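These are the residues of each chain, in order.
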Amino acid sequence: QVVMGNSESSTGSLSDHIEHARRTGVCALQSRSLPELPDKLEILKPNLRTLNVSQNKITRLPTWIGGFTVLRTLDVSGNRLTTLPEEVSQLKKLDTLNISNNSISHFPDAFVNLKSLKTVNISQNKLTEFPLFLCQLTHVDFVDVSDNKITYIPNGIDVISAVEVNLNRNQVSVIPESLSSCRRLKVLRLEENCINLMGVPPSILQNSSISLLCLEGNPLQLRELQELPEYEKYMDRFTASKKKAI
């Protein structure tokens, strides 16, 4: 029998999904119009590694979510969250967090304890400031805060460990010179912001590790950048990274 349309995650009873999750460590409950995380999921605390409750109608996460001691992937994207409970910071093994497409504007200070995080997607929320807890995560590789309302990049970002930071479609007008000292940062995406030529420090081109700087859709012309004496150094890194990728 072939079932067309709905994926397995949006069919079957909750009990079936919990039984499957007990066996596999993976619970997929996306696109089920859930208004909250079902209490029955608590039974999975000892062995759940992946929880996907994306594309629901969840307005808050319960405090008991902190009890998933081996959880590695949490996807709550496409819900109606305005905040996250501090207890999320107890997920010591969490390495992938997707909270995109919600209405979150700030994070608890305790999120600096999410030391295992490698991939963080906070795009399409209501952030007006860059979340500084991200700068204290020593294993983070990829950060996506695109499609928010962030107006500036704080100086504290100079210690961020990420290899790629996506700030597309925000309201940033200046790239801080301190970003030049981020030795791991290779890709910086700032498309469709408010950056003019004065907002690009020469050191970003001359001395940084950035080999892909995306500035399309800003009030500056590529030709203006190319005429800067430091641009050649940036192009050397850009070309070398392309060769390495081949």
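Our structure's up above, just so we're on the same page.
## Regarding the side chain of Asn-125
Phase 1 of the analysis: Within the fold, Asn-125 resides in the loop between strand E5 (119-121) and strand E6 (142-144).
Phase 2 of the analysis: You can call Asn-125 buried: its relative accessible area is 6%.
Phase 3 of the analysis: Polar side-chain contacts of Asn-125 include one of 3.4 Å to the backbone nitrogen of Asn-102.
Phase 4 of the analysis: At 3.1 Å, the side chain of Asn-125 and the backbone oxygen of Ser-123 are in polar contact.
Phase 5 of the analysis: Leaving out residues up to four positions away in the same chain, Asn-125 has contacts with Ile-99, Ser-100, Asn-101, Asn-102, Ser-103, Ile-104, Asp-147 and Asn-148.

## Some words on the sheet that holds strand E4 (residues 96-98)
Phase 1 of the analysis: In space, the nine strands of this open sheet follow the order E1-E2-E3-E4-E5-E6-E7-E8-E9, with parallel pairing throughout. Strands at the two margins of the open sheet, each flanked by one partner only, are strand E1 (26-28) and strand E9 (212-214). Averaged over all pairs of adjacent strands, the angle between strand axes in this sheet comes to 5 degrees, irrespective of strand direction.

## A short note on helix H1 (residues 14-24)
Phase 1 of the analysis: Regarding H1, the residues found buried are His-17, Ile-18 and Ala-21. One side of H1 carries all its buried residues, which in axial view fall inside an arc of 100 degrees.
Phase 2 of the analysis: Residues of H1 that are buried make contact with E1.

Calculation notes
- Residues numbered from 1 in each chain as written.
- Predicted model: local features only at pLDDT ≥ 70, side-chain atom pairs only at ≥ 80, totals over all residues.
- Heavy atoms only, no water.
- Helix = DSSP H or I, 4+ residues; strand = E, 2+ residues; numbered from the N terminus.
- Buried < 20%, exposed > 50% of the residue type's maximum accessible area, 1.4 Å probe, protein only.
- Polar contact = N/O pair within 3.5 Å; in protein donor to acceptor, adjacent residues only side chain to side chain.
- Contact = heavy atoms within 4.5 Å.
- Pairing = 2+ DSSP bridges.
- Axes fitted to C-alpha atoms, helices over the stretch in contact; angles between N-to-C directions.
- Arc of directions from axis to C-beta.

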